[in-house]
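Chain by chain, the residues:
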Amino acid sequence: MPPPSDIVKVAIEWPGANAQLLEIDQKRPLASIIKEVCDGWSLPNPEYYTLRYADGPQLYITEQTRSDIKNGTILQLAISPSRAARQLMERTQSSNMETRLDAMKELAKLSADVTFATEFINMDGIVVLTRLVESGTKLLSHSNQEIQTYAIALINALFLKAPEDKRQDKHLNPLDLPVTDMANAFAQKHLRSIILNHVIRGNRPIKTEMAHQLYVLQVLTFNLLEERMMTKMDPNDQAQRDIIFELRRIAFDAESDSSNVPGSGTEKRKAMYTKDYKMLGFTNHINPALDFTQTPPGMLALDNMLYLAKVHQDTYIRIVLENSSREDKHECPFGRSAIELTKMLCEILQVGELPNEGRNDYHPMFFTHDRAFEELFGICIQLLNKTWKEMRATAEDFNKVMQVVREQITRALPSKPNSLDQFKSKLRSLSYSEILRLRQSERMSQDDFQSPPIVELREKIQPEILELIKQQRLNRLCEGSSFRKIGNRRRQERFWYCRLALNHKVLHYGDLDDNPQGEVTFESLQEKIPVADIKAIVTGKDCPHMKEKSALKQNKEVLELAFSILYDPDETLNFIAPNKYEYCIWIDGLSALLGKDMSSELTKSDLDTLLSMEMKLRLLDLENIQIPEAPPPVPKEPSSYDFVYHYG
C-alpha cells in the first residue's frame, strides 16, 4: 500500500553525524519536526535551527514552502535564518579584516534566500552594510576595498530578494516616503551620499566588479519606479484629479485660493478649465486624466510634472506660459511632451528590466541627488523645449523632435558626467545643428551608409583622389630630399641628395658637403639613374645595405626607414629616410613611377581624408534627404505632345 500523500521520505544531514532517514508528515508543524531531528542528534535549543535543501541554492524551508519537498529529497539541519543573520552581522563588525571578509562571503551566499534576506533587513542589516561602505575608505589594506564591493553587492542581493513590501518599508526607505517617491530608496541612512563620497569620489580607482555593483544598484533603484510607470490613472479618482488641478493652479492661478479650483461645477468654470488644459498641452482638453491611462509611463509622468511644478516652479511656469502665449502654431505642448519624455527616459534607463551581468556602465550623476530621475526629467524637458524652438517645429513635427531629443540624451550619457549640471552643459553643446552635423559626419564613415548611389559615387571619386595623391608624391620627388651617408664614422655627418627630373625620366643624385637648407640644383648632382632602368624597389631587411651592415640590421628604427632601388646592370642605390613621412613619400613616388600601387600608410590616410571631404562637399545639398536605393523609373511617353506651345 503506497504511503499517504501527506507523507514524504527524506534524508536529513548534519556535519559530523550520520544522516537521519525520516518520514515527514506535511500536516505536522515544522517546529515539531525540527525538534524531533535535533533530539535524534541530542542537540539542545531546537528553536535555533531550521531545515534547508542540501543541493542547489540551499534555500530555507518554511511553512509556506514546505509543500515543495518531494520524496527522496536530501535536507540539511541548519542554523535558523534569524540566528544566522545575527551571527553574521556580528562578524561583519569584527576588528579582524579576514573575519569580516569571510562573513561577507557567507552573507552573499545566504542572501539568495528570501527568508534570510527578510530576517537580515529586519535587523537593520542595510545600516550595517552602509557603515561598511563608509568605513572601507578609512583603512588602507586591499581587503577593505573588497569589503566595500561586497557590501554594495550584498545590498543589491538583498534588494533583489526582499519581498515587495520590504522594498517599500522603512528598512529600505528611512524617509517614510510613499511609493510614489521610492525612486531614491537607496538614500537610506545616507547610503547614496556615502557611496558618492567614499566610493565614486574616493581616492581609489573603481575596479570592474565595483563598477558592476554600482550599475546594478542604479538599475534596482530606477526599477522602483516601475509600479508608478505601470499604474494607470483613474479618471474618477478625485485625489489623482486634484494633482492635475494643482498643475493648472500653479501655472495660471498661483495666487488664488486652492479652494476655488474644483467643485463649483459652473459652465463658465468648466470652459475656463478646458482652455487652461489646452494651454497646458494636454491631448484631452476636457478630461486630461485620460492622458495618463496609457502605460508606460502611467502615473510616473504626472509625478514628474508635479515635481517640476513644485520644486522648479519658475522653470515650469516659464515653459508653460512661453508656449501657451504663442499663436503661430509653433507652441510646444507641455503635457504631451512631458508624458512622452517620461516614457522615453524609462526606455533609455530600462526601468523595469533586471540588471545585465556583463554591464558596468553606471552613471555618477545619478548618485548625486535623492530625486535623480525627477531632476533628469526637469533637465530634459527644458532640452525638449529648446530643441523644439531650434527646429521651428509644429504639432506635425512632434515625433521628429522626440527623435532628436532621444539622440541628444543618448549621445550625452556615454560621457558619464559627474553631476547633473555637467550633464546639462553637455546637452547644451548638442544643439539641433550639432546633431545634424554629427549625423552627416557619421553617415560618411559608417558601414551602414552603403546605398548603391553613394557606393557608386565613392568608386567614381576614388581614382581622382588617387591621381591627386600620385601627383603630390611625384612633385615631392622632383623637389628632392637629403639622406644621411651610410656607414659614416667621421665626426661630421655626410649627406647625399636625390631628386627626380621634372620630366620624370631620370633620378639625379650626388654627395653634399653639408645638409642643404633649400633645393639642390640638378647641375650639382653628378650621378643619375634612368627611370626605365629601375627593376624594383625593396624595403627593410630585403635591402642590400641592411644585409651587409649587421649593426644597422639590428636597429629596428633604421630597418623601418630603409629602402633600395635595384637597377640595371645589377646595381643598387641604398637609402635610409630621415623619418617615416619621407619614407612613405619616396616609396609611393617610386611605386608610381614604376606603375605600381601606392600602398604606404600615408597614402591610406590621405585617401580616407580627401575622399571623406570630397564626399561631404558633393552631398552638402542632400542634408536630411533620403537617398533612394535605385533610380526612379523613367515615365512612359505621353500619348500626344499637344501640351507643347510654339512661339509664333
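Residues numbered from 1 in each chain as written. Predicted model: local features only at pLDDT ≥ 70, side-chain atom pairs only at ≥ 80, totals over all residues. Heavy atoms only, no water.

(A) Focus on the overall build of the protein chain. Helix and strand counts for the protein chain stand at 25 helices and 11 strands. Within the protein chain, buried positions represent 45% of all 648 residues. A fraction of 65% describes how many contacts in the protein chain between residues 6 or more apart in sequence connect residues 24 or more apart. Accessible surface, the protein chain as shown: approximately 34,900 Å² in total, 49% of it carbon and sulfur. (Helix = DSSP H or I, 4+ residues; strand = E, 2+ residues; numbered from the N terminus. Buried < 20%, exposed > 50% of the residue type's maximum accessible area, 1.4 Å probe, protein only. Contact = heavy atoms within 4.5 Å. Areas by Shrake-Rupley, 256 points an atom, 1.4 Å probe, with all protein chains shown as cover.)

(B) Geometry of the pattern of salt bridges. Going through the model one piece at a time under the given rule, you end up with 24 salt bridges. In this structure, the salt-bridge partner of R249 is E246, at a minimum N-O distance of 2.8 Å. Placement of the pair is R249 and E246 together in helix 11 (residues 238–252), with a separation of 3 residues, close to one helical turn. Like E246, R249 is buried. We note a salt bridge from E322 to K389, for which the minimum N-O separation is 3.1 Å. Of the two residues, E322 is situated in helix 14 (residues 313–324) and K389 in helix 16 (residues 372–390); the sequence distance between them amounts to 67 residues. (Salt bridge = Lys/Arg side-chain N within 4 Å of Asp/Glu carboxyl O.)

(C) Just the pairing of strand 1 (residues 7–13), in detail. In terms of burial, strand 1 is a largely internal element, 5 of the 7 residues being buried. When strand 1 meets strand 2 (residues 20–25), the two strands line up antiparallel, connected through 6 bridges. Within strand 2, the residue paired with V8 across the bridge is I24. Counting the residues between successive antiparallel strands, the hairpin from strand 1 to strand 2 contains 6 residues, one of them, G16, with a positive phi of roughly 80 degrees. Pairing between strand 1 and strand 4 (residues 73–79): 4 bridges, direction parallel. (Pairing = 2+ DSSP bridges.)

(D) View of the nonpolar core. In terms of nonpolar packing, the biggest core is built from 68 residues, with F292, Y316, F334, L341, I409 and F423 touching the most fellow members. Beyond its immediate stretch of four places on either side in the chain, I409 contacts L341, M344, L345, I348, C380, L383, F423 and L427. Of all hydrophobic cores here, the second largest spans 45 residues; its members include L101, I121, L196 and V219. (Core = buried A, V, L, I, M, F, W, Y, C linked by side-chain atoms within 4.5 Å.)

(E) Representation of the sheet that holds strand 2 within the structure. One open sheet holds the 4 strands; their spatial order is 2-1-4-3, and the pairing between them is mixed. Since the sheet does not close on itself, it has two edges, and those belong to strand 2 and strand 3 (49–53), each with one partner. When strand polarity is set aside, the average angle formed by the axes of neighbouring strands in this sheet is 40 degrees. (Axes fitted to C-alpha atoms, helices over the stretch in contact; angles between N-to-C directions.)

(F) Summary view of the sheet that holds strand 10 (residues 562–567). Read across the sheet, 3 strands follow the order 9-10-11 without closing on themselves; strand pairing throughout is antiparallel. The open sheet has two edge strands, strand 9 (534–539) and strand 11 (571–576), and neither has a second partner. Going across the sheet, the axis of each strand differs from the next one's by a mean of 20 degrees, ignoring polarity. Sheet analysis places strand 10 next to strand 11, joined by 6 bridges and oriented antiparallel. By the bridge assignment for strand 11, I565 is matched with L573.

(G) Inspection of the confidence of the model for the protein chain at higher detail. Per-residue confidence for the protein chain gives a mean pLDDT of 85; residues scoring 70 or more make up 85%. In the predicted structure, residues 168–187 sits below a pLDDT of 50 and forms 46 contacts with residues beyond four places in sequence or in another chain. (pLDDT = per-residue confidence, 0-100.)

(H) Helix 8 (residues 191–200), seen in detail. A large share of helix 8 lies buried, amounting to 7 of its 10 residues. Taken together, the buried positions of helix 8 are L191, R192, I194, I195, L196, V199 and I200.

(I) Looking closely at the packing of helix 15 (residues 334–348) against helix 16. Direction vectors running N to C along helix 15 and helix 16 enclose 125 degrees, while the axes themselves pass 10 Å from each other. Put simply, helix 15 runs oblique to helix 16. As helix 15 packs across helix 16, the resulting crossing turns out to be right-handed. Two secondary-structure elements touch here, helix 15 through F334, S337, A338, L341, T342, L345 and C346 and helix 16 through F373, L376, F377, C380, I381 and L384. Split by residue class, the contact of helix 15 with helix 16 holds 11 nonpolar, 2 polar and no charged. (Parallel < 35°, antiparallel > 145°, perpendicular 65-115°, else oblique. Left-handed = near helix turned anticlockwise from the far one by under 90°. Nonpolar A, V, L, I, M, F, W, Y, C, P; charged D, E, K, R; others polar.)

(J) Expanded view of helix 12 (residues 267–279). The terminal C-alpha atoms of helix 12, which comprises 13 residues, lie 18 Å apart, in line with the 18 Å expected from a rise of 1.5 Å per residue. All of the buried residues in helix 12 are Y273, D276 and Y277. Relative to the axis of helix 12, the buried residues are bounded by an arc of 100 degrees and lie together on one face. Within helix 12, the exposed residues directed more than 90 degrees away from the buried face are E267, K268, K275 and K278. Looking at the packing, one finds that the buried side of helix 12 touches helix 11. Of the residues trailing helix 12, G281 is marked for its positive phi of about 90 degrees. (Expected span 1.5 Å × (residues − 1). Arc of directions from axis to C-beta.)

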